[in-house]
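# Summary of the model geometry
Single-letter residue listing:
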Amino acid sequence: MLGKTAASGQIAEPRGIGDDHEVPRLPVSAAACSASGLEDLDQRRSVDGVVRECAQVPLSQDAAICVHEWSNSVSRWVLPGPCYNMPVMRPTDRDVVLRVEGLSLGGSGVAHLNGVEILVAGAAPQETVRARLTRPSRKGTQAQLIAVEDPSPVRVAPRCPHFGICGGCLWQHVDYAAQAQAKETIVAERLAPLGGGAALPVRPIVAMDDPWAFRNKMEFSFQPPHRLGLHQRGRWDEVIDVQTCFLPSQTVMEIVAAVRTFVVEHNLVCYNTRTHEGFLRHLVVREGRATGELMVAIVTAPGPFAQAHALADTLVAQHPQIASILWAINATHSDAVEVSESHVLHGRPFIFERLGRQTYKVGLLTFFQTNTAQAERMIDVVAEFAHLGGTERVLDLYCGVGTFALALSAQATEVIGVDASVASVEAARENAVLNGVSNATFQALEVGHLEGQLPPETRFDVVILDPPRAGAGARVMRTIVRLAPPRVVYVSCNPTTLAADLQELISANYAIEAIQPLDLFPHTYHVECVVGLRRISAG
Ligand SMILES: C[S@@+](CC[C@H](N)C(=O)[O-])C[C@H]1O[C@@H](n2cnc3c(N)ncnc32)[C@H](O)[C@@H]1O
């Protein structure tokens, strides 16, 4: 029960709001709340009921937040977040002081005020900040960091001079060990509801030994007149002319500098994403960290590129280890690297990279894990959770270029990989040949269409799945349940969608045996997670 309504003349006492506020509460009648008909916070459930009770809870003398209870014919529940339809009144001359408790999955510091979660971008855990409340959004109530009053012991000086403006890193101001700890906590918190009150077996995160120069792929953008770099934080249409970056190797940054110099000297025209005019769009550099091979791709709009070979010659003269230089054409307005046509300017259209004992052929567009060192550790975890004894049939869903399928093939009778990308499946088949693997086959197929493609008696001992950030979704999870494998290994890059997908397995009598968070993206909030599950009944 949310509390007594304003109509009764008493001030409401909403759930989750503490008694430590210092300012009077502002009663508001349910009828005055304009939130009816909005969607739930996570937008999964639509709200077709009416607001029965509503209370404005003050955050300071000038700011309040709307908390209300909905009811409809199906359920009755409290929406603990802000009312999007009723703006928080902005404090005009007053800031709030907040104690930052941790870091959120979106990258902000997390604090609470009168029980309401406040997200403060740029804040570090365990510090006191002065912040100004801004409008609530679907990401939570946000506040702008005004000053750090009592700095966190884990606040550090960012290594990169572009930090704060560049969109590449959000957490360089936080000590790496604390970043890793925050990711472990995020995974534990997101998955906690699956335990039904019992603690889940979350292992300590596998963090990087050295959290710098780990990326094997970088995508840089051009912007007129001659900028070449990464996107400004929060801006799709502004590029920072990065002079340095500590995420790839320094060789990659030397290539960026050489391309920029060439572009300036030849007065090449860069693409304008607002007007869609211009020529040079992206520079993609891939580096085989285990092989030392480099791929450089210049992505342009359609049109003649008279200087293409001269640019390639310049780069090869400076970096003879470049194994591939491509000119790729993106004829669409999309700012993603979409390629309709490509020309080899030097070497071959792919490079080789190794993960453990396996060698992989990596093209410009093939999905490949971007952190070689941590991908190897992730493969080890997948192998451990799969418990293979040499006699099993394994299904690897969302297999990409065969990362897990090929690594595990020696411990199984048969491995079948499925991926929607025809290019990745072709690469996986070639990688099987390259590594002398004869018991792995690959199918180009939407995983959602898998069920109709499998004979009804098909059985697998282990199903591995590694979906994109959106997760696999209920339909795919139910297909896995119908296949009834004794073991499932779920590799995830998004703990939120992971939690929803795992719920389907738990409801079908699968038990979580172990959860292993891994950090593949230091200085960002991204966290990977491998979950091992076992079927505990015929389900
Ligand atoms: C996170 S990657 C994993 C790749 C691979 N497991 C690896 O580690 O390299 C996700 C993969 O899912 C594939 N994919 C995305 N949506 C898909 C779908 N609906 N059906 C099948 N594959 C899909 C992509 O092509 C991509 O290769």
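Before going into details, it helps to say that this report is about the structure given with it. (Residues numbered from 1 in each chain as written. Predicted model: local features only at pLDDT ≥ 70, side-chain atom pairs only at ≥ 80, totals over all residues.)

Further remarks concern the overall build of the protein. Helix and strand counts for the protein stand at nine helices and 26 strands. Intrachain contacts of the protein at a sequence separation of at least 6 include 62% that bridge at least 24 residues. (Helix = DSSP H or I, 4+ residues; strand = E, 2+ residues; numbered from the N terminus. Contact = placed C-beta atoms within 7 Å.)

Let's shift gears to the site of the ligand. Close contacts around the ligand come from 18 residues, with Y398, G400, T403, A420 and D466 the closest. Residue classes in the shell around the ligand are distributed as nine nonpolar, six polar and three charged. (Near = placed C-beta within 6 Å. Nonpolar A, V, L, I, M, F, W, Y, C, P; charged D, E, K, R; others polar.)

Given a rise of 1.5 Å per residue, 15 residues ought to cover 21 Å, and the 21 Å separating the end C-alpha atoms of helix 4 (residues 372-386) matches this to within 8%. Those residues of helix 4 lying buried are T372, Q374, A375, M378, I379, V381, V382, F385 and A386. On an axial view of helix 4, the arc spanned by its buried residues comes to 165 degrees, and they lie on one face. In the stretch just after helix 4, H387 is the one whose phi turns positive, near 50 degrees. (Expected span 1.5 Å × (residues − 1). Buried ≥ 20, exposed ≤ 12 C-beta atoms within 10 Å, placed from the backbone. Arc of directions from axis to C-beta.)

One open sheet holds the seven strands; their spatial order is 22-21-20-23-24-26-25, and the pairing between them is mixed. Because the sheet does not close on itself, it has two edges, and the strands there are strand 22 (440-444) and strand 25 (510-518). When strand polarity is set aside, the average angle formed by the axes of neighbouring strands in this sheet is 15 degrees. Here strand 20 (residues 393-397) pairs with strand 23 (residues 462-465) via four bridges, running parallel. Following the sheet pairing, D396 is matched in strand 23 by I464. Packed onto the sheet, helix 9 (residues 495-507) meets strand 24 (487-492), strand 25 and strand 26 (528-535) and runs at close to 165 degrees relative to strand 24. (Pairing = 2+ DSSP bridges. Axes fitted to C-alpha atoms, helices over the stretch in contact; angles between N-to-C directions.)

Turning next to the pairing of strand 21 (residues 414-419). Looking at chain direction, strand 20 and strand 21 are connected through five bridges and run parallel. Paired with V394 across the two strands is V415, which belongs to strand 21. The pairing of strand 21 with strand 22 spans five bridges and is parallel. By the bridge assignment, V415 is partnered in strand 22 with A440.

Our next topic: the environment of I298. Structurally, I298 is set in strand 15 (residues 294-300). When the 29 C-beta atoms within 10 Å are taken as the criterion, I298 is described as buried. If we ignore the near neighbours within four places in the chain, the residues touching I298 are L280, L283, L311 and W327.

Here we take up the sheet that holds strand 13 (residues 239-240). Reading across the sheet, the seven strands line up as 13-12-11-14-15-16-17 and stay open at both edges, with mixed pairing between neighbours. Edge positions in the open sheet fall to strand 13 and strand 17 (341-347), since each of these has one partner strand only. Relative to strand 15, strand 14 (residues 280-287) is paired through seven bridges, and the arrangement is antiparallel. Bridged to R286 within strand 15 is M295. With respect to the sheet, helix 2 (residues 250-265) is in contact with strand 11 (217-223), strand 12 (227-231), strand 14 and strand 15, its orientation differing from that of strand 14 by roughly 155 degrees.

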